[in-house]
Amino acid sequence: MELGLGIHGEGGVRRMKLLPAAETVAVMLNHMTDITSSTHFSLKSGDAVALAVNNLGGTSVLELYVVVKEAIAYLESRGVVVEQVYSGALITSLEMAGVSLTLLHLDDSRRRCLNQETAAPGWPRQSWLSSYSSPQPIPAPASTTYTRLSTETAACLSEGGEKAFRRALLHACRALSQCDQQLNDLDCRSGDGDCGSTIRRGAQAVIEAISSDRLPLDTPSQALIDIGHIAEDTMGGASGGLYSLLLSGAAQALVEDVSPKAWVHALKAGMETLSKYGRAEVGDRTMLDSLDAAYKVLVKLLSDSHADPVEVYQQAVEAAESMARQTAHMQAKAGRASYVSKDQVKEPDPGAYAVSIWLRASYEAVKLGV
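Here the structure is a predicted model, which means the values were calculated and not measured.

A.B. asks: Can you help me understand the overall build of the protein in this one?
C.D. replies: A count of helical and extended segments in the protein gives 13 helices and six strands. Within the protein, the fraction of its 370 residues that count as buried is 45%. Relative to all contacts within the protein whose residues are 6 or more apart in sequence, the contacts with residues 24 or more apart total 71%. Summed over all atoms, the accessible surface of the protein reaches about 20,400 Å², with 53% contributed by carbon and sulfur.

Encoded structure:
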């Protein structure tokens, strides 16, 4: 980057490597106030100033506000009182990517002039009154009250069933945590590239909750609701909300029954809730596709009383994995990928792939207990 580059392309004072915003601001203001220069801006502790942070044309609003924040922080660290702050595209050089900083000593006359009404279209209609030196504390939010089911009436697992449930959850969360980079890579083509990181945060939080005995694993309906809240609180983005919908919907089907057939109904209920509020359908290239593929196999448990639940579960996992791979050839009709050209989306959907990962891991955990 170049320090002091003119708006008409005039050469600057010097060129240097790109620095973080805080360091860049410090370099700029140190140069402006360098007392060894005959043209320096005289600045001492206690001075009251107005600060203008100018967008030279190609700087994003986000970047501009970062510079504003760092400039105020730097000046106040030197004991300067930043009374008024102006920011925006005040004087530009086409689409130059950069900023300029302007300081003005304030007295009563200058304050009055700055605060006068003006019809100049490029002048900010309102300055910011800096409150940096006296931050106002933000009160902590009231504690959130989560939905609680009656443990006296909700169906419970046997001791062996609870251990299997715990084992399946831990296996699933660990598998998701280990595959975070793989999921991020899949998400780079059609999303923000953070699907794996997002899911990993939720998985790690669930592992922590299990390790500290904060989940009622003997009562699956309540446990799923609690895990849904964990997903919503820790994952962030769309994934947290989607998994919360899936789990809260599934929980309702396990209030009165926790048999293998009830878990099949729970999957269906979760999918319906996800589809209703997530506005996606099977075939839209989302996590619903893998879930639906598994469900279509699991329904065998509802019609065949002699079916082995573990064997059927294995077939369901294989179906989900196959569908996850097939999403690479599907047209996205929901989610972030729906805004990307089909020609650029040639990898499996990361959400669908994540489902196949935790289904496979949970199956392996169940198989260990058989």
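So much for the structure itself; the text now carries on.
A.B. asks: When you look at the packing of aromatic side chains in this model, what are you seeing that I'm missing?
C.D. replies: What describes a pair of aromatic rings is the distance from one ring centre to the other and the angle between the planes of the rings. Using the criterion set out here, one finds three aromatic pairs in the structure. Centre to centre, the rings of Tyr86 and Trp123 are 4.9 Å apart; their planes meet at 35°, and the pair counts as tilted. Remark: Trp123 occurs in the loop between helix H3 (108–114) and strand E6 (128–129) and Tyr86 occurs in strand E4 (residues 81–88); sequence separation between them is 37 residues. When its relative accessible area of 4% is taken as the criterion, Tyr86 is described as buried.

A.B. asks: For this particular structure, what's the right way to read the packing of helix H10 (residues 287–298) against helix H13 (residues 350–368)?
C.D. replies: Two quantities define a packed helix pair, namely the angle between the helix axes and the distance between the axes. Between H10 and H13, the shortest axis-to-axis distance is 6 Å and the interhelical angle comes to 40°. Considering the angle they form, H10 stands oblique to H13. Note on element contacts: H13 touches H10 through Gly351, Ala352, Val355, Trp358 and Leu359, opposite Met287, Ser290, Leu291 and Ala294.

A.B. asks: Would you mind going over the pattern of salt bridges with me for this structure?
C.D. replies: Proximity of charged atoms lets side chains of opposite charge pair with each other. Going through the model one piece at a time under the given rule, you end up with 13 salt bridges. For Arg111, the salt bridge identified is with Asp108, shortest N-O distance 3.2 Å. With a gap of three residues between them, Arg111 and Asp108 both fall in helix H3, about one helical turn apart. A residue is classified by how much of its surface remains accessible, and Asp108, at 53% relative accessible area, is exposed. Its salt-bridge partner being Glu364, residue Arg360 comes within 3.3 Å of it at the nearest N-O pair. With Arg360 and Glu364 both in helix H13 and four residues apart, this pair spans about one turn of that helix. You can call Glu364 partly exposed: its relative accessible area is 28%. One continuous salt-bridge network, built from bridges that share partners, spans Glu321, Arg360, Glu364 and Lys367.

A.B. asks: Quick question: what am I supposed to make of the confidence of the model for the protein here?
C.D. replies: Predicted coordinates in regions of low pLDDT should not be interpreted in detail. For the protein, per-residue confidence averages 89 on the pLDDT scale, and 90% of positions sit at 70 or higher. Of all the helices and strands in the protein, E6 carries the lowest mean pLDDT, 64, while H10 carries the highest, 96.

A.B. asks: Would you take a moment to explain the nonpolar core for this structure?
C.D. replies: Among soluble globular proteins, nonpolar side chains are generally buried collectively. Counting residues in each nonpolar core, the largest one holds 65 residues, and the members touching the most others are Leu215, Tyr243, Leu291, Trp358 and Leu359. No other element matches the eight residues that helix H6 (residues 195–211) contributes to this core. The residues contacting Leu215, other than those within four sequence positions of it, are Val206, Ala209, Ile210, Ala223, Asp226, Ile227 and Ile230.

A.B. asks: When you look at the side chain of Thr219 in this model, what are you seeing that I'm missing?
C.D. replies: The residue Thr219 is located in the loop between H6 and helix H7 (220–234) in this model. Owing to a relative accessible area of 3%, Thr219 belongs among the buried residues under this scheme. Discounting residues that sit within four places of it in the chain, Thr219 has contacts with Ala154, Ala155 and Cys156.

A.B. asks: Looking at this model, I keep getting lost on the environment of Ala238. Mind explaining?
C.D. replies: Within the fold, Ala238 resides in helix H8 (residues 237–252). Accessibility expressed as a relative area gives 57% for Ala238, which makes it exposed.

A.B. asks: Teacher, can you tell me more about unusual backbone geometry here?
C.D. replies: It is generally the case that most residues other than glycine have a negative phi and that most peptide bonds are trans. Non-glycine residue Leu94 carries a positive phi angle of around 55°. Structurally, Leu94 is set in the loop between E4 and strand E5 (99–105). Exposure remark for Leu94: the relative accessible area of 78% places this residue in the exposed category. The phi dihedral of Arg279 is positive, around 60°, even though this residue is not glycine.

What counts, and where the lines are drawn
Residues numbered from 1 in each chain as written. Predicted model: local features only at pLDDT ≥ 70, side-chain atom pairs only at ≥ 80, totals over all residues. Heavy atoms only, no water. Helix = DSSP H or I, 4+ residues; strand = E, 2+ residues; numbered from the N terminus. Buried < 20%, exposed > 50% of the residue type's maximum accessible area, 1.4 Å probe, protein only. Contact = heavy atoms within 4.5 Å. Areas by Shrake-Rupley, 256 points an atom, 1.4 Å probe, with all protein chains shown as cover. Phe/Tyr/Trp six-rings, centres within 6.5 Å; stacked < 30°, edge-to-face > 60°. Axes fitted to C-alpha atoms, helices over the stretch in contact; angles between N-to-C directions. Parallel < 35°, antiparallel > 145°, perpendicular 65-115°, else oblique. Salt bridge = Lys/Arg side-chain N within 4 Å of Asp/Glu carboxyl O. pLDDT = per-residue confidence, 0-100. Core = buried A, V, L, I, M, F, W, Y, C linked by side-chain atoms within 4.5 Å.

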